[in-house]
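# A look at the structure
So the chains spell out like this:
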Amino acid sequence: MKILHDTRLMFIRNMQHTLRSPVFVFVSMFQPLMYLILFMPLLNGLGGVPGLPAGKTVDVFIPGLLVLQALFGTAFVGFSLIDDIRTGVIERFLVTPVNRSAILLGRVLRDAIILLFQCILITLVAIPFGLSINIYGFLLSLLLYALIGITMASLSYGFALIYKIEDPLAPTLNTIALPVSLLSGIILPLALAPVWLQDISKINPFSYAVYATRALFAGSFSSIDIAEGFVVIGVLAILVFLWGLNSLKKMAS
Amino acid sequence: MIETKGLRKTFISKGRGGNKKVEAVRGIDLTVRRGEIFGFLGPNGAGKSTTQKMLSTLLCPTGGEAKVLGYDLAEQQEQIRQNVGCVSQAGGADLSSTGIENLVLMAQLYGVDALTAKKYASEFVERLQMSSFIERPAQSYSGGQKRRLDIALGMIHHPQLLLLDEPTAGLDPQSRAYLWGEIKKLKADGVTIFLTTQYMDEADKLCDTIAIIDNGNIVVTGTPEELKSSVGGDTIVFSFQSEETARKAETFLTEKVQGARIQTKDNTVRLTIKDGEKMMPELLRSLDAQNLEAQSVMLSRPSLDDVFLKYTGRSLREDERK
Ligand SMILES: Nc1ncnc2c1ncn2[C@@H]1O[C@H](COP(=O)(O)OP(=O)(O)OP(=O)(O)O)[C@@H](O)[C@H]1O
Ligand SMILES: [Mg+2]
């Protein structure tokens, strides 16, 4: 199928770019590792408050931390696209009969793979800190992180295609990623929040992802949170991807 | 191979104080015949690139219609993309990849398998003599090498029609001459070429048909010979000691030679007349008799510069200086 053929080509091209300077794959893991090493010990002292059972802090914290990585680790991929627009590479692709979705799919899939690699590394680092995981739950949750990564990457590419210049891109994405991460109970459990904050968090799709991955890590497969998380994030990923694709097609107007 | 009717593009650009309309292309009709090199000549901002982008499906026309290779521009974009080659002004090579990676990927995007793609790539490496640098990342290429890669990328799939946007802009004379040779070879191979340029000499040397575009409109179309003879004569350029002398000479010459076109700029007077060769000695003698001694005289057969001047009222060079 043409879309698969073209997506594969685009994926390989983009992955080659990333692997040419692999150090950035590690640089963007710095933030979560800092949280793990310098912030989590603070949480340990809080053990016992609602939403944070004593002695299990790390099990609650890590799934959310990986959601944080999925949000911020992919939020700025749009910069590479602006570079490609500026050098004419995207126009070069667009004059060929390449499938339009493949141009974006090849990028977001690369971003998702890099993200999964980072998530696995962070999880491995967390094991000495006492993390206990259900391995099947963990593998399933990787799928959810990938979907979050695809959502954020599509958002980043969509704005890159609209702005076509770097300056407004980072502020825009920070403005979106920061509140949604605070509102999803990643750093501290939302059980501690006042009611109004809890209410707002219910319309934040990413808080569903945090609940779902906590349930998955714990191996509570019967929890409704898991299905909710997949449905909410799955639908969101598709919508945001289509929006990004629309921005790409609008370049011709 | 290309036929447009009233093709038009209006950009709405958001700026301070509301939206501004930019009429980049104002309804152009052009016909490019099979096997020819069609020159699309015009100054900065004339609408050349915009036209080429519409023809290569990168931009949606605001109005009008076009057939490219017989395919309808609005309906059959897939077929146009598959069969037309395009080299944009910016080039579009992926600078951090090597030339060969660029070429292979591009061929694959046109649907050929990896093996054939490699075959196509090495064919063009040989044809455009790129083997000494093609394995290096493209960001290390010289201007001429980069341009060769750009052109190879545009024709990697052996299209019947190639759109080239200012292929020799900014190149040294040697690289330009080399590319001109390659473009002529393509024509000999039966490829039809739509060539955008700001250079008169380029259009003159390469093209079978030329359309001059200015400010979004095509002002004239014809073969270089037709256009030049339409200017109606040869040009004699007299240079004088001072601007004042030049102005006096202009007044004198205007009376003396009826029906000639005369233009004075600084200390030179340009006179366009029929049979310039025969007229020149006599004109010099009578200028001398008036004590308007010319310091130098130059006779030139009509050039496309003169054509441009005639149809737009401006010199192409003047425009470039702005
Ligand atoms: N995306 C755009 N938005 C607004 N105006 C545009 C856009 N692209 C081009 N223009 C304007 O349209 C006009 C024609 O531009 P175009 O690039 O076609 O000129 P050109 O003939 O290729 O010039 P050059 O020789 O400098 O390449 C110019 O005035 C340009 O500023
Ligand atoms: Mg141009």
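Everything here concerns the structure above.
Report on the accompanying structure. Note that the structure is a prediction, hence the values are computed from the model and not measured.

Attention now goes to the overall build of chain B. Across its full length, chain B holds twelve helices and 14 strands. Each of the three principal axes of chain B carries a C-alpha extent, and together these read 80 × 45 × 40 Å. Approximately 15200 Å² of chain B is accessible, and the part contributed by carbon and sulfur atoms is 46%. Put simply, chain B has 42 plus and 43 minus side-chain charges, and the middle of one group is 3 Å from the middle of the other.

The next point concerns the state of the cysteines. Disulfide: a covalent bond formed between the sulfur atoms of two cysteine residues. Residue and element names in this part refer to chain B. Inspection of the entire model under this criterion finds zero disulfides over all chains. Among the cysteines around C207, which has no disulfide bond, C86 carries the closest sulfur, lying 17 Å off. Given the relative accessible area of 6%, C207 is considered buried.

Attention shifts here to the interface of chain B and chain A. With 30 residues of chain B at the interface, the matching set in chain A holds 22 residues. At the boundary of chain B with chain A, total buried surface from both sides reaches about 2200 Å², with 56% on carbon and sulfur atoms. When residues of chain B are sorted by the area they lose upon contact with chain A, L58, R81 and L109 of chain B head the list and together hold 28% of the total. Here chain B is connected to chain A by three salt bridges. Note that D94 of chain B is salt-bridged to R13 of chain A, the shortest N-O span being 2.7 Å. At the junction of chain B with chain A, the criterion picks out seven residue pairs in polar contact (both at pLDDT 80 or more). Of all elements in the fold, only α2 (77-83), β6 (84-87), α3 (99-109) and α5 (143-155) of chain B reach the threshold of two or more residues within the side of chain B that touches chain A. Residue contributions to the side of chain B that touches chain A peak at five residues, all from α3 of chain B. Classifying every residue of the side of chain B that touches chain A gives 13 nonpolar, ten polar and seven charged.

Quick look at the packing of aromatic side chains now. Within the structure shown, the criterion is met by ten aromatic pairs over all chains. When the ring of F159 of chain A is compared with that of Y163 of chain A, the centres are 5.7 Å apart and the planes differ by 20 degrees; the resulting orientation is stacked. Placement of the pair is F159 of chain A and Y163 of chain A together in helix α8 (residues 135-163), with a separation of four residues, close to one helical turn. One aromatic cluster in this structure is built from Y35, F39 and F61 of chain A. Of note, R176 of chain B hangs over the ring of Y199 of chain B, and the distance from its end group to the ring centre comes to 4.2 Å.

Moving on: the pattern of salt bridges. Inspection of the entire model under this criterion finds 25 salt bridges over all chains. Measuring nitrogen to oxygen at the nearest pair gives 3.0 Å for the salt bridge that ties K2 of chain A to D6 of chain A. A residue pair is termed a helical-turn pair when its members lie 3 or 4 positions apart in one helix, as K2 of chain A and D6 of chain A do in helix α1 (residues 2-20) at four residues. The partly exposed category is assigned to K2 of chain A, whose relative accessible area is 39%. Judged by relative accessible area, which is 0%, D6 of chain A ranks as buried. When the shortest N-O distance is used, the salt bridge between K248 of chain B and E244 of chain B registers 3.5 Å. Residue K248 of chain B and its partner E244 of chain B are both found in helix α9 (residues 243-256); the two are separated by four residues, about one turn of the helix.

Here we come to unusual backbone geometry. All names here are of chain B. Positive phi, close to 70 degrees, is recorded for T57, a residue that is not glycine. Mapped onto the fold, T57 is located in the loop between α1 (48-55) and β4 (63-68). At E166, a residue that is not glycine, the phi angle is positive and equals roughly 45 degrees. Of note, E166 is situated in the loop between β7 (161-165) and α6 (173-188). The class for E166 is buried, based on a relative accessible area of 7%.

Parameters and conventions
Residues numbered from 1 in each chain as written. Chains lettered and ligands numbered in written order. Predicted model: local features only at pLDDT ≥ 70, side-chain atom pairs only at ≥ 80, totals over all residues. Heavy atoms only, no water. Helix = DSSP H or I, 4+ residues; strand = E, 2+ residues; numbered from the N terminus. Areas by Shrake-Rupley, 256 points an atom, 1.4 Å probe, with all protein chains shown as cover. Lys, Arg positive; Asp, Glu negative; His and termini not counted. Charge placed at Lys NZ, Arg CZ, Asp CG, Glu CD. Disulfide = S-S within 2.5 Å. Buried < 20%, exposed > 50% of the residue type's maximum accessible area, 1.4 Å probe, protein only. Contact = heavy atoms within 4.5 Å. Buried area = accessible area lost by both parts, 1.4 Å probe. Salt bridge = Lys/Arg side-chain N within 4 Å of Asp/Glu carboxyl O. Polar contact = N/O pair within 3.5 Å; in protein donor to acceptor, adjacent residues only side chain to side chain. Nonpolar A, V, L, I, M, F, W, Y, C, P; charged D, E, K, R; others polar. Phe/Tyr/Trp six-rings, centres within 6.5 Å; stacked < 30°, edge-to-face > 60°. Lys NZ or Arg CZ within 6 Å of the ring centre and 35° of its normal.

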